[in-house]
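If you want the building blocks of each chain, they are given just below.
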Amino acid sequence: MIGVDTLKGQIRKALSGFYYVYAEGQTFQTRARGNFRNRKITPLVGDEVMFESDNLTDGYLLEVFPRHNELVRPPVANVDQGVIVMSMVEPNFSFNLLDRFLVTLEDKGIEPIIYLTKIDLLTGTETVSVADVQHVYGTLYPVIAATSVSDEGAVHLLEQYFPERLTVFMGQSGAGKSTLLNKISPELQLATNEISESLGRGKHTTRHVELLPLFDGLVADTPGFSSIDFLEMEATELPKQFPEFVEASHLCKFRECMHRKEPGCEVKALVETGGIAQTRYDNYLQFLSEIENRKPMYRKK
Ligand SMILES: Nc1nc2c(ncn2[C@@H]2O[C@H](COP(=O)(O)OP(=O)(O)O)[C@@H](O)[C@H]2O)c(=O)[nH]1
Ligand SMILES: [Mg+2]
Ligand SMILES: [Zn+2]
């Protein structure tokens with residue numbers, strides 16, 4: 001018997017209409033009452049909530065606290081950091097794809113960690129080396145290079161980022177997400193080399209997500225999105241998602257500089273001298289035109 005009526009906790013799992021809320025060292029099975037659903041808030045894993053319960057199985061959600069952010073795939077709220085798993089080969093490393101992931105995370109206030117895989121498969125004839133990636137991103141974000149599937153050191157480096165944070169994994173299909181998650185938490189036993197992950201989006205969105213307590217933090221047990229778009233972002237928001245542009249922009253002549261054709265642009269000056277990577281700038285311009293050229297569309301509810 002738990003003689004408490006109203007508690008604060010965090011949703012760690014959502015399944016079949018039940019929300020499993022962690023509070024005071026225990027997990028409470030709860031549901032959202034009708035009047036709660038009417039408020040059009042769908043509780044998400046990761047949500048901080050108030051709930052009432054006098055036992056472990058029949059609680060009711062009362063309130064969802066405001067979210068810092070939310071992801072659709074996997075459906076998780078209040079994410080602190082995202083591990084972007086990028087393979088060097090099979091599939092080949094892409095600066096463009098990595099920058100898309102980074103912009104998306106930055107926009108949501110999620111701190112990126114770059115985790116490189118399949119370095120053991122490099123033959124030396126590829127156009128992009130690990131050193132190239134380190135050169136572009138090493139001063140901007142943590143970059144962890146796993147030399148092979150059995151690189152324990154890389155996994156330990158990554159685990160140091162987990163305490164006190166909610167972490168999600170993302171990356172292209174085949175990048176090695178499931179393999180890495182299994183190393184971090186062997187009991188997960190995620191199927192690897194699964195091509196279905198990138199297909200049939202609709203089918204897989206119903207899959208439940210659970211937050212696992214790992215290394216004094218929480219990790220979402222399902223890897224996240226594998227393709228990115230900028231449907232919701234405004235053009236003026238884009239430069240804010242490139243930290244090195246933000247830093248340089250204080251020296252741009254115009255306060256609202258978009259770093260394109262404006263005179264006295266510090267970002268362009270730094271690209272000329274190598275202080276900002278050409279690939280970052282090229283991708284920025286490409287994303288900007290994608291945002292500006294997108295078809296007007298109605299916001300999906
Ligand atoms: N050689 C090599 N293979 C890897 C590495 N990481 C993952 N793989 C393999 O790449 C394939 C795809 O990995 P998987 O974890 O399923 O990728 P996911 O689609 O991102 O979940 C599997 O066959 C893995 O064994 C690595 O660092 N080196
Ligand atoms: Mg997988
Ligand atoms: Zn500028």
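Fair warning: this is a prediction, and the values are worked out from it, not measured in the lab. (Residues numbered from 1 in each chain as written. Chains lettered and ligands numbered in written order. Predicted model: local features only at pLDDT ≥ 70, side-chain atom pairs only at ≥ 80, totals over all residues. Heavy atoms only, no water.)

Novice: I keep staring at the overall build of the protein chain and nothing clicks. Help me out?
Specialist: In terms of helices and strands, the protein chain carries 9 helices and 13 strands. Within the span of the protein chain, comprising 301 residues, buried residues form 46% of the whole. Counting only contacts in the protein chain whose residues sit at least 6 apart along the sequence, the fraction spanning at least 24 positions is 67%. (Helix = DSSP H or I, 4+ residues; strand = E, 2+ residues; numbered from the N terminus. Buried < 20%, exposed > 50% of the residue type's maximum accessible area, 1.4 Å probe, protein only. Contact = heavy atoms within 4.5 Å.)

Novice: Help me understand the sheet that holds strand β5 (residues 59-64), please; the structure alone is not making it clear to me.
Specialist: Two pairing modes exist for strands in a sheet, parallel and antiparallel, and in both the strands are linked by backbone hydrogen bonds. Within the closed barrel, the 5 strands sit side by side as β1-β2-β3-β5-β4. Their pairing is mixed. Shown here is a sheet whose adjacent strand axes are inclined to one another by a mean of 55°, direction ignored. Of the strand pairs in this sheet, strand β2 (residues 18-23) and strand β3 (residues 26-32) are connected by 5 bridges, and their pairing is antiparallel. The residue of β3 that forms the bridge with Tyr22 is Thr27. (Pairing = 2+ DSSP bridges. Axes fitted to C-alpha atoms, helices over the stretch in contact; angles between N-to-C directions.)

Novice: Help me understand the pattern of salt bridges in this model?
Specialist: Opposite charge on two side chains permits them to pair, given that their charged atoms come into close proximity. Per the stated rule, a full pass over the model turns up 11 salt bridges. Between Arg280 and Asp99 there is a salt bridge, with the nearest N and O atoms lying 2.7 Å from each other. With Arg280 in helix α9 (residues 278-293) and Asp99 in helix α2 (residues 95-107), this residue pair connects regions lying 181 residues apart in the sequence. Accessibility expressed as a relative area gives 1% for Arg280, which makes it buried. With a shortest N-O distance of 3.3 Å, Glu111 and Arg165 are connected by a salt bridge. Separated by 54 residues along the polypeptide, Glu111 in strand β9 (residues 111-117) and Arg165 in the loop between α4 (152-159) and β11 (166-171) bring together distant segments of the chain. What makes Glu111 partly exposed here is its relative accessible area of 46%. Three or more residues joined by partner-sharing salt bridges are found here, namely Asp47, Arg67 and Glu70. (Salt bridge = Lys/Arg side-chain N within 4 Å of Asp/Glu carboxyl O.)

Novice: Just to check I follow, could you spell out the side chain of Thr30 for this structure?
Specialist: Tracing the chain through its elements places Thr30 in strand β3. The class for Thr30 is buried, based on a relative accessible area of 1%. Filtering out sequence-adjacent residues up to four positions away, Thr30 remains in contact with Gly17, Phe18, Tyr19, Val21, Phe51, Gly59, Tyr60 and Leu61.

Novice: Looking at this structure, how should I read the side chain of Asn96?
Specialist: Relative to the assigned elements, Asn96 resides in helix α2. By relative accessible area, Asn96 is classed as buried at 18%. Within the structure, Asn96 has its side chain in polar contact with the side chain of Gln286 (distance 2.9 Å). Once you skip the residues sitting within four places of it in the chain, Asn96 turns out to touch Asn283, Gln286 and Phe287. (Polar contact = N/O pair within 3.5 Å; in protein donor to acceptor, adjacent residues only side chain to side chain.)

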